[in-house]
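Structural overview
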Protein chains: 4
Amino acid sequence: MCRWLAYYGTPVLLEELLFTPRHSLIDQSLHSTLGAETTNGDGFGIGWFGSEKTPGTFHSVEPAWNDRNLRDLSAHLRSGLVFAHIRASSGSPVQQTNCHPFRHGHWLWMHNGVVRDFPRVKRDLVLAIEPDLYPSIEGSTDSEVFFYLALTLGLEDDPPGAVARAVGLIEDVGRRHAVEHPIQMTVATSDGSSIWAFRYSSEGSSRSLFFSTRVDTLREQHPEVAILQQLSDESRLIVSEPLGDLKGAWNEVPESHFGVVHEGQDELRPFAPIAPA
Amino acid sequence: MCRWLAYYGTPVLLEELLFTPRHSLIDQSLHSTLGAETTNGDGFGIGWFGSEKTPGTFHSVEPAWNDRNLRDLSAHLRSGLVFAHIRASSGSPVQQTNCHPFRHGHWLWMHNGVVRDFPRVKRDLVLAIEPDLYPSIEGSTDSEVFFYLALTLGLEDDPPGAVARAVGLIEDVGRRHAVEHPIQMTVATSDGSSIWAFRYSSEGSSRSLFFSTRVDTLREQHPEVAILQQLSDESRLIVSEPLGDLKGAWNEVPESHFGVVHEGQDELRPFAPIAPA
Amino acid sequence: MCRWLAYYGTPVLLEELLFTPRHSLIDQSLHSTLGAETTNGDGFGIGWFGSEKTPGTFHSVEPAWNDRNLRDLSAHLRSGLVFAHIRASSGSPVQQTNCHPFRHGHWLWMHNGVVRDFPRVKRDLVLAIEPDLYPSIEGSTDSEVFFYLALTLGLEDDPPGAVARAVGLIEDVGRRHAVEHPIQMTVATSDGSSIWAFRYSSEGSSRSLFFSTRVDTLREQHPEVAILQQLSDESRLIVSEPLGDLKGAWNEVPESHFGVVHEGQDELRPFAPIAPA
Amino acid sequence: MCRWLAYYGTPVLLEELLFTPRHSLIDQSLHSTLGAETTNGDGFGIGWFGSEKTPGTFHSVEPAWNDRNLRDLSAHLRSGLVFAHIRASSGSPVQQTNCHPFRHGHWLWMHNGVVRDFPRVKRDLVLAIEPDLYPSIEGSTDSEVFFYLALTLGLEDDPPGAVARAVGLIEDVGRRHAVEHPIQMTVATSDGSSIWAFRYSSEGSSRSLFFSTRVDTLREQHPEVAILQQLSDESRLIVSEPLGDLKGAWNEVPESHFGVVHEGQDELRPFAPIAPA
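Computed from a predicted model, the values in this text were never measured in an experiment. (Residues numbered from 1 in each chain as written. Chains lettered and ligands numbered in written order. Predicted model: local features only at pLDDT ≥ 70, side-chain atom pairs only at ≥ 80, totals over all residues. Heavy atoms only, no water.)

What to know about the sheet that holds strand β13 (residues 267–270) of chain C
Residue and element names in this part refer to chain C. On the basis of which strands lie adjacent, the open sheet formed by 6 strands has the order β5-β6-β7-β8-β12-β13 and antiparallel pairing. In the strand order of this sheet, the two ends are held by β5 (102–104) and β13, each with one partner. For this sheet, the mean inter-axis angle between neighbouring strands, taken without regard to orientation, is 15°. Across the sheet, helix α5 (residues 142–152) touches β5, β6 (107–115) and β7 (183–190), and the angle it forms with β6 is around 125°. (Pairing = 2+ DSSP bridges. Helix = DSSP H or I, 4+ residues; strand = E, 2+ residues; numbered from the N terminus. Axes fitted to C-alpha atoms, helices over the stretch in contact; angles between N-to-C directions. Contact = heavy atoms within 4.5 Å.)

Re the nonpolar core
Core analysis: the largest hydrophobic core is formed by 120 residues, its most contacted members being L18(A), L18(B), L18(C) and L18(D). Non-local contacts of L18(A), meaning those with residues more than four positions away in its chain, are made with L5(A), S24(A), L25(A), I26(A), I46(A), L70(A), S74(A) and A84(A). (Core = buried A, V, L, I, M, F, W, Y, C linked by side-chain atoms within 4.5 Å. Buried < 20%, exposed > 50% of the residue type's maximum accessible area, 1.4 Å probe, protein only.)

Some words on the interface of chain A and chain C
Between chain A and chain C, the residue contacts involve 23 residues of the former and 23 residues of the latter. In this assembly, chain A packs against chain C so that about 1800 Å² is buried in total across both faces, 40% of it on carbon and sulfur atoms. Inspection of the chain A/chain C interface yields 6 salt bridges. Here E52(C) and R78(A) are joined by a salt bridge, their closest N and O atoms 3.2 Å apart. Applying the counting rule to chain A against chain C returns 16 residue pairs in polar contact (both at pLDDT 80 or more). Breaking the side of chain A that touches chain C down by element, the ones donating at least two residues are β3 (56–60) and α3 (68–74) of chain A. Counted by class, the side of chain A that touches chain C contains 7 nonpolar, 9 polar and 7 charged residues. (Buried area = accessible area lost by both parts, 1.4 Å probe. Salt bridge = Lys/Arg side-chain N within 4 Å of Asp/Glu carboxyl O. Polar contact = N/O pair within 3.5 Å; in protein donor to acceptor, adjacent residues only side chain to side chain. Nonpolar A, V, L, I, M, F, W, Y, C, P; charged D, E, K, R; others polar.)

What to know about the interface of chain A and chain B
Tallying the contact residues gives 14 residues for chain A and 14 residues for chain B. For the pair chain A and chain B, the summed buried surface comes to about 1300 Å²; carbon and sulfur atoms form 58% of the total. The interface formed by chain A and chain B contains 0 salt bridges. Put simply, chain A and chain B have 4 residue pairs in polar contact (both at pLDDT 80 or more) between them.

Remarks on the confidence of the model for chain A
In this model, chain A carries a mean pLDDT of 93, and residues with pLDDT of at least 70 account for 100%. At the level of chain-chain contacts, confidence expressed as ipTM amounts to 0.92, with global pTM at 0.94. (pLDDT = per-residue confidence, 0-100.)

Looking at the relation of the copies chain A and chain C
Superposing the two chain copies requires a rotation about an axis and a translation along that axis. The transform that puts chain A on chain C rotates by 180° and translates by 0.0 Å along the axis, for an RMSD of 0.0 Å. Between the two chains, the operation in question is that of a two-fold axis. Relative to the rotation axis, the C-alpha of L77(A) is the closest in chain A, positioned 4.2 Å from it. Taken as a fraction of all interface residues of chain A, those also at the interface in chain C reach 100%, which identifies the copy contact as same-surface. (Least-squares fit on C-alpha atoms with pLDDT ≥ 70 in both.)

What about the pairing of strand β3 (residues 56–60) of chain B?
All names here are of chain B. In terms of residue burial, β3 counts as a mostly covered element, since 5 of its 5 residues are buried. On β3, burial covers both faces: G56, F58 and S60 on one face and T57 and H59 on the other are all buried. Two strands pair when backbone bridges link them, and strand β2 (residues 44–49) and β3 are joined in this way by 5 bridges, in the antiparallel orientation. The residue bridging W48 from the neighbouring strand is G56, located in β3. Taken together, β2 and the strand that follows it, β3, pair antiparallel across an intervening segment of 6 residues.

A few points about the relation of the copies chain A and chain B
If you rotate chain A by 180° and push it 0.0 Å along the axis, it lands on chain B with an RMSD of 0.0 Å. In this assembly the copies share their binding face: 100% of the residues contributing to the interface of chain A also contribute to that of chain B.

Observations concerning the sheet that holds strand β13 (residues 267–270) of chain D
Residues and elements named next belong to chain D. With antiparallel pairing, the 6 strands of this open sheet are ordered in space as β5-β6-β7-β8-β12-β13. Taken across any chain shown, the strands that pair with only one partner, and hence form the sheet edges, are β5 (102–104) and β13. Ignoring which end each strand starts from, the neighbouring axes of this sheet average 15° apart. In terms of strand pairing, strand β6 (residues 107–115) meets strand β7 (residues 183–190) through 8 bridges, oriented antiparallel. Residue V114 lies in a different strand from β7, and its bridge partner there is Q184. Sitting on the sheet, helix α6 (residues 159–176) touches β6, β7, β8 (195–201) and β12 (257–261), and the angle it makes with β8 is about 25°.

Notes on the packing of helix α4 (residues 118–127) of chain D against helix α5 (residues 142–152) of chain D
All names here are of chain D. Across the interface, α4 lies against α5 with an axial gap of 11 Å and an inter-helix angle of 25°. Comparing the axis directions of α4 and α5 gives the class roughly parallel. Where α4 crosses over α5, the handedness of that crossing is left-handed. Across the interface between the two elements, F118, L125 and V126 of α4 pack against D142, V145 and L149 of α5. Partitioning the contact of α4 with α5 into residue classes produces 5 nonpolar, no polar and 1 charged. (Parallel < 35°, antiparallel > 145°, perpendicular 65-115°, else oblique. Left-handed = near helix turned anticlockwise from the far one by under 90°.)

Let's talk about unusual backbone geometry
A cis amide bond links H100(B) with the next residue in sequence, P101(B), at an omega value of -10°. Relative to the assigned elements, P101(B) resides in the loop between β4 (78–87) and β5 (102–104). Positive phi, normally seen in glycine, also occurs at S256(B), with a value near 55°. The residue S256(B) is located in the loop between β11 (250–252) and β12 (257–261) in this model. Among the residues examined, S256(B) registers a relative accessible area of 22% and is labelled partly exposed. In this structure, D117(C) is a non-glycine residue whose phi angle is positive, near 55°. Topologically, D117(C) is positioned in the loop between β6 and α4 (118–127). Owing to a relative accessible area of 38%, D117(C) belongs among the partly exposed residues under this scheme.

As for the environment of R175(B)
Position of R175(B) among the secondary structure elements: in helix α6 (residues 159–176). Dropping the residues within four chain positions of it, R175(B) is found in contact with E180(B), P182(B) and S202(B).

Shown next, in the form of structure tokens:
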């Protein structure tokens, strides 16, 4: 499985998100405490929205902790909407096309978890992907197939609905192949304006997911923390496991829920798969 | 497209096949004269049969001409049945899972050429692969899909028949998608005892393919060439383009033919695709 | 040897410099016409100045023509001062620490050419480097040693003087080791405000170097070329070999000369090595 | 720091040394229990003696646990004298030229530990290397400089003496630069006939080092362990931390000692640095 981070807010240097915090994502690549594995060293990726139409991405098969390009890019790229992902492979090869975040058009997607018994269900899932989308699949992970299922089922128009239908399909196909708990997931996706983040698993015991407290509240509680002065009230982090140890800074996304982070009031709502008709 | 070499005969150090000859395969990675491209720098691979049940393979995404591991392994590995392949990508990513030779069980497979308009026909071809074999596909090339079609259609029992049926299927699917000349190929495959090498293209104008003259004949004509003294009479090379410039050493495989190299008399026979029923 | 490009002017997307032009630098990585080698596939690097104090760099050991990260970063990074370099190794290993441009503090450096018989003269050259600078050397190329010699001899205060003294030293050490023509070079260096570009060789027959004609002149001659409307009059490219085929666009830097590109009037002056006292 | 393994004995498939044992070296790359770091993911290398004059080596910058080439080579290479090393960088870049084992002629060398404050002492140490050997240094690690010092000081004629003199020199240079404890080490070196393995540190608290009990003794104590039937009495493993949990199988090399493994009776002797005259 993996660790990931999504950021929405005042544009910052990526290194302030990835390297500077205590127990940063890069630190988690060697010393994850809440992950399924301590080490997340099977490649990584970042995605960021800037002034171009599509987000930029950078993927590498080297462990994040010692990647010189990541360190340098992070010190020179600023963005107000950032995805970052460190990978612990659950079997598929370590190659750039298997590194998250995946991109299609101006959408980004990243996943921590697993489609269980993927070799057994892969063919049926791939068959359910829109034939026009199928040739764009580049890697061999369950996560990318999941992304293309969501795209097939309406991600660009209705992200929560499309993810619910994709999860419903994966559960349906899995159960037809006698997979007990077909999916385990936290997922983030973005179109450059909003971030949707989901926490769900067939067994009702999902991987951890946290969102940061509103910056104005934190600023009031912690007037001594300098960086909070620079961030807009609405700046928000969503993470697999908390960074740093600022009291009151982190809130767990409840089991079977998803959040939406965007301009205006963010939202937290229940999530339930929609089985195929 | 690509360049490749297959060797059957007296066990030799791989470097004698890959580096030592004038206009060696490694030289062709920078300076191919008969290939579709001059440079074949998009990764490479070797496969060799030794004393274990399955062949060994080594794949790298770095250009062959400067790969230190390839140079070192070649100087320390001996084998009597060797495949080597240098890649010029026709579009799919440069990653180890896209490097030839591909292996399944104790079979090796490598391809120079292209399944034309692959994104358009890929889904139909993949659907024709035996569902039990499907999850073993690791990369995203046309060549690997072609291998799995051949496996589906009986490669392990009847290699020439299976390749003929796979090509027939690719041409059938291509034509249904309005692809004028669906396939261009030279292919080599081996089970560790024999090598089968095919030259064919839908347009009847296939990439070049050569086999070496019998060693006893060459030895008689060229008593001065030391290495010929060490090789058994039956040692044979099959290559995309000739190595060196030894007079009388190379014979072209005719258009739409295949050769079989094994113990005893080698064979050269016509090849024709078998369309699906 | 290698190919390189330096750009100063209106901030542009890097892809407009690296990928868009006919006979672009990336095209030259496969098909150089003026280089010592046709293929420059032994890694590459880019450096760019933006809003941070130091320039960003990105290095990769994969050939530039198929590097997905380079393509993506180039489509998302804008800069008004860019270095790009594609490498054809003259012997040292293909590794990121041997990829140009090299960076020290806010200085960039890149080199096409060779310090001849480098293994023979390396120790003496390295001994001449300021001991405090010595531990910062990361790779094993002649080009990086040349950079650190220039830094030792005053690059940050007087770039043309420091390069002249470094070349003088290299020639002196070379001749003491019986190297006939100790150096062959085109070099570019920048502090983020100016670019200095040098053309010189001990044998008086240096690798090619070109600078672009002033944009206002080109705009007058070619009112039909859209991109010229977007560039400031002062925008300037310096390249190992011309991009595209726009008539009147390219001027050769004369043998044993260097140019300075900066705000205000650019300069072209004679260059001569300064032998050690 | 790092983990390593050296094997002398009956030729075996490398995978039986690297992958098969419980708590194998590859397992230690993710879950080291005695190492300075849990994760040893900054590249790896193997070296093996076979029928050629020089040993073969294979180095990779990917973590060992997921390297497909390592898994495949290990399943197809047999050797009776094997070195294997997994790296946790103490600062120098992750690149093949920094991966152990290092090779010079027919000698292999690998190191776990550190030359402390290496940037401060590097120049003086490099100056002490024989000028003819100097250009052969390819990477930037303390370990390779240590190897070249040992070569300079007579490794090929008197390995224990040369290592003692190299350590004495490193301690002398370190102390002149106010480094309190200049070296921490376990080192293995081999010429293809013998293995010398050293345990020493300036502070008298060295990294762990173990050698396996004689096979005939183990076989008597554990008649149920099948693999012991296949190994010669003299087969021997030397490791940074024990593999598996076979009772009585492992003996610690005492502080400031070295062992020699070769045909005939192996030896264990005290080790003390020899200061420069």
